[in-house]
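Okay, here's what each chain looks like letter by letter:
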Amino acid sequence: MAKKLLATRTASSSASLEFLTGINTTYPEYEFQFFNIHPATQDDHWQVQFNAYDPSAGTPQLTGFNETITSTYIRAYNNDADNDGAFGYNTTYDHEQEVTYQTLLHVVDDDTADNCVGRLTLFNPSNAVYAKHFMSEVQGNHHSSGYSMVAYVGGYINTTLAITQVSFKFSSGNIEAGTIKMYGVG
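Here the structure is a predicted model, which means the values were calculated and not measured. (Residues numbered from 1 in each chain as written. Predicted model: local features only at pLDDT ≥ 70, side-chain atom pairs only at ≥ 80, totals over all residues. Heavy atoms only, no water.)

Visitor: What is the right way to look at the environment of Ser13 in this model?
Guide: In this structure, Ser13 sits in strand 1 (residues 3–14). The spatial distance from the C-alpha of Ser13 to the C-alpha of His38 is 9.5 Å, given a sequence separation of 25 residues. Discounting chain neighbours no more than four positions away, the residues touching Ser13 are Asn174, Ile175 and Glu176. (Helix = DSSP H or I, 4+ residues; strand = E, 2+ residues; numbered from the N terminus. Contact = heavy atoms within 4.5 Å.)

Visitor: Honestly, the environment of Glu96 in this entry has me stumped. Any pointers?
Guide: Structurally, the position occupied by Glu96 is in the loop between strand 6 (85–89) and strand 7 (102–108). We classify Glu96 as exposed; its relative accessible area is 60%. The sequence separation of Glu96 and Ala52 amounts to 44 residues, and the corresponding C-alpha distance is 19 Å. Every residue in contact with Glu96, bar those within four places of it in the chain, is listed here: Ile69 and Thr70. (Buried < 20%, exposed > 50% of the residue type's maximum accessible area, 1.4 Å probe, protein only.)

Visitor: Even after reading the chapter, I still don't get the pattern of salt bridges, so can you show me in this structure?
Guide: It is possible for side chains of opposite charge to pair when their charged atoms get near one another. All chains considered together, the criterion is met by one salt bridge. The salt bridge involving Glu31 is made with Lys3; its shortest N-O contact spans 2.7 Å. Highlighted residues: Glu31 in strand 3 (residues 29–39) and Lys3 in strand 1, separated in sequence by 28 residues. Residue classification places Glu31 among the buried residues on the basis of a relative accessible area of 8%. According to the relative accessible area criterion, Lys3 is partly exposed, its value standing at 44%. (Salt bridge = Lys/Arg side-chain N within 4 Å of Asp/Glu carboxyl O.)

Visitor: How do you make sense of the side chain of Asn127 when you look at a structure like this?
Guide: Tracing the chain through its elements places Asn127 in the loop between strand 8 (116–123) and strand 9 (132–142). Of the residues examined, Asn127 reaches a relative accessible area of 18% and is grouped as buried. From its side chain, Asn127 meets the backbone nitrogen of Tyr130 in a polar contact 2.7 Å long. Not counting chain neighbours up to four residues away, the residues in contact with Asn127 comprise Lys132, Thr160 and Leu161. (Polar contact = N/O pair within 3.5 Å; in protein donor to acceptor, adjacent residues only side chain to side chain.)

What follows is the structure, encoded as structure tokens:
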């Protein structure tokens, strides 16, 4: 499948990076790639939430980045000394019909060299019959404690309305630096 770059957002002490236009019926998939996402706050969580569009409202009726999400959160980690590592399901960061932001990677450090990278794919966001599925893979490092970690999140947004907007942020502070690129895939 071919990818077309649709938009780029670059953070500079930004509260969030949002894609408010460009998600429509043109592509069956939208992929968001994260590059060197660096938090301003120690041990922060990289997160996402969505907005649905209600065409029956007559004007764009968006719901405030509080769509209902059900998800799973699987993580793997290892430390520099290679004496503490694990892989498994983590119920702390999954969602069970929740409207809060979904964590894509927890405990990203704010040390100068620390950041996270990865991608999130949103499938068939304009479908008017089914829930909207998404999945992500995000890798990061926590330098002060010497850990590398990766998280895999999969889930669905429980609405038949079109998803037209996406918001990314850290849970407790600004995005100090980093870039997100949005691609249409089809």
